[in-house]
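Per-entry structural report
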Amino acid sequence: MNVIGVSALYHNSACCLIQDGVLVAAVEEERFTRIKADPDMPQEALRYCLEAGGISIHDVDAMAYYEDPAKKLDRQLWSGVGRTMPNWQSYLDVNRPEEVMRILLGYEGPIMFFDHHLSHAASSYYFSGFEEAALLTVDGVGEWATTTYGSGQGKTLSLFEEVHFPDSLGLLYSTITSYLGFGVNDGEYKVMGLAPYGKPRYTDKLWQLIKMGPGGQYQLNMEYFDFLEGNRMYSDALIDLLQLPVRPADAEMTQVHADLAVSLQVVLESVLLSKATYLHGRTGSSNLCMAGGVALNCVANGNILRKGPFKKMFVQPAANDAGGALGAAALAQVALTGEAPVREPLRHVYLGPRFGRSEIDRMLQSTSIVYENYRNNTDQLMAETARRLADGKVIGWFSGHMEFGPRSLGGRSILADPRSPQMRDLINAMVKKREGFRPFAPAVLESEAHHHFDLDHPSPFMLETCQVISPLDLPAITHVDGSARVQTVTADTNPRFAALLEAFNALTGCPILLNTSFNVKGEPIVCTPEDALKCFIANDIDCLVMEDYLIDRDENSLDILKWLLSTEQHLSTVSQNVYTFI
């Protein structure tokens, strides 16, 4: 049984393959096209999934699409979304998803459609390993739903309550994101990173934007929002309420902006905690599964688990729309076979392409790059890499299968010494080319995590924060509030990354590395060896490790290549002024 899941034509286009109940491949289209948040039909991602499964398009038993086009069209027509866009009528076509899948993906078999939030819920529940759980999904909007509550039992899941558009926690967060000068659909995590620098002086005013309702319900005060018009997120009334000018994207970041960010985070967490408590009362479950874009707010996730009534929580690592492909495929698997996907906890998300040593070797031999080959001597490679990290070098790390979802987890990572006081500012300014307030995450050996972080369970996907309690000084990964977004690493799921952490620990007594995504501002995470080499050359990364190969910048003259690569540009096609409804 081969089931392909597809999310597309909105943002975060992705494709996955469930083969005989096992998730064998999953990848976002942006990684291939190099267009960040590429919304187009995932042709390249499908090609990879078929290759990973050893099948052709004719072997696919069904394709599953992550939302219901008819219900979505109903909401679009109600709201008048898109009428300022050229050729908007072509987007508001209930048959468009199927037609595009037939034409661009070349598929002639059955296509199954599932509600957007049901796909979100399924993407978390069926891969959680829980035999039963409460289900909470929160995002901007699907068809009509923006928040849903449900439960899962065995192979069955159901949603029993919804909050409907335009009332949306995701859109509330995106509105203030836009107000703070960050891109909608892209900058919400920046607001989360900015929040710890502020004081919640605007909380009372932000509570005027939302009214709590009975059960799982809440309402936005639409006086303060303008996203229904499709031009911007906030109204003039919000400017009058806050008495704070809207921040232009290139303007200085001041204390009042941090104060607004933390006020928003306080309101979000309060609503989520209240609604999670309600959900627990309805279901009686001790397990919580979360998905939807808001579930990527790892600060809120950590507080829900620490302060809420649930004992265990699972957040689907690609909780945004990309993960909807997993949920749709899982739902199709149940519908077609009467059986759920293999009921084991999702142990890793190394589900994307990997590239063999021969491919990397051929690429490097076609260049004038000077490199070292450590084939058959992995221990020495780990020791050399650890030594460079301890010497303050920034490492581009390209190893094994690419990760699925927005977090780099040791497959496509930029690594550095977390003990260096200068490292965070250095990487933000010179390598990632992003805002200086942005924190970096630690990767730590799972067996050592409890010595350094207030964490009593594995955290393999960087989806919750906790306090740093390490006896070591770790300024590069400790946020201003003393927290960190931890990734725990084991040799079972990523033996090479674990070996590097072991080597660094043996050398320094520190089993932790700074781990951030292998990309720069405005670009997707690297996918291929060519992507990795380009990113290394064009940016101030000191060393590049690609499988058995190590390249030192100091041993190469890269200035001309760096200049040539600086002219390349890949722009997102997703709007960053207003939430994408089409």
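Cut-offs and rules
- Residues numbered from 1 in each chain as written.
- Predicted model: local features only at pLDDT ≥ 70, side-chain atom pairs only at ≥ 80, totals over all residues.
- Heavy atoms only, no water.
- Pairing = 2+ DSSP bridges.
- Helix = DSSP H or I, 4+ residues; strand = E, 2+ residues; numbered from the N terminus.
- Contact = heavy atoms within 4.5 Å.
- Axes fitted to C-alpha atoms, helices over the stretch in contact; angles between N-to-C directions.
- Buried < 20%, exposed > 50% of the residue type's maximum accessible area, 1.4 Å probe, protein only.
- Salt bridge = Lys/Arg side-chain N within 4 Å of Asp/Glu carboxyl O.
- Parallel < 35°, antiparallel > 145°, perpendicular 65-115°, else oblique.
- Left-handed = near helix turned anticlockwise from the far one by under 90°.
- Nonpolar A, V, L, I, M, F, W, Y, C, P; charged D, E, K, R; others polar.

**Regarding the sheet that holds strand β22 (residues 549–552)**
Read from one edge to the other, the open sheet built from eight strands follows the order β13-β22-β21-β14-β15-β20-β16-β19, with strand pairing classed as mixed. Of all strands in the sheet, those with a lone pairing partner are β13 (372–373) and β19 (487–489), marking the two edges. Where helix α14 (residues 357–365) meets the sheet, its contacts fall on β14 (395–398), β21 (543–546) and β22, and the angle it forms with β22 comes to roughly 35 degrees.

**Looking at the pairing of β22**
Of the two faces of β22, both are covered, the one formed by Tyr549 and Ile551 as well as the one formed by Leu550 and Asp552. Two strands pair when backbone bridges link them, and β13 and β22 are joined in this way by two bridges, in the antiparallel orientation. When the bridges of β22 are listed, asparagine 373 appears paired with tyrosine 549. Where β21 lies against β22, four bridges are found, and the strand directions are antiparallel. Paired with methionine 546 across the bridge in β22 is tyrosine 549. Hairpin connection, β21 to β22: the antiparallel pair is bridged by two residues, and glutamate 547 has positive phi, about 50 degrees.

**Focus on unusual backbone geometry**
Note the cis peptide between phenylalanine 165 and proline 166, where omega equals 10 degrees. Structurally, proline 166 is set in the loop between β8 (156–164) and α7 (169–179). Notably, asparagine 12 is not glycine yet its phi reads approximately 60 degrees, a positive angle. Exposure remark for asparagine 12: the relative accessible area of 19% places this residue in the buried category. Here the phi dihedral of methionine 462 falls at roughly 55 degrees; this positive angle occurs in a residue that is not glycine. Following the sequence through the fold, methionine 462 ends up in the loop between α17 (449–452) and β17 (465–467).

**Quick look at the pattern of salt bridges**
Tallied over the full model, the rule gives 22 salt bridges. The salt bridge involving glutamate 98 is made with arginine 102; its shortest N-O contact spans 3.2 Å. You can see glutamate 98 and its partner arginine 102 sitting in helix α5 (residues 96–105), four residues apart, about one turn around the helix. Given the relative accessible area of 28%, arginine 102 is considered partly exposed. Residues participating in the shared-partner salt-bridge network are Glu384, Arg387, Arg388, Asp391 and Asp552.

**Comments concerning the packing of helix α15 (residues 378–390) against helix α18 (residues 495–508)**
The contact between α15 and α18 brings their axes to 8 Å, and the two run at 55 degrees. By the criterion of interaxial angle, the relationship of α15 to α18 is oblique. Between α15 and α18 lies a crossing whose hand is right-handed. Touching Thr378, Leu381, Met382, Ala383, Thr385, Ala386, Arg387, Leu389 and Ala390 of α15 are Arg496, Ala499, Leu500, Ala503, Phe504, Leu507 and Thr508, all from α18. Considering only residue class, the contact of α15 with α18 consists of eleven nonpolar, three polar and two charged.

By themselves, these are just geometric observations and shouldn't be taken as functional.
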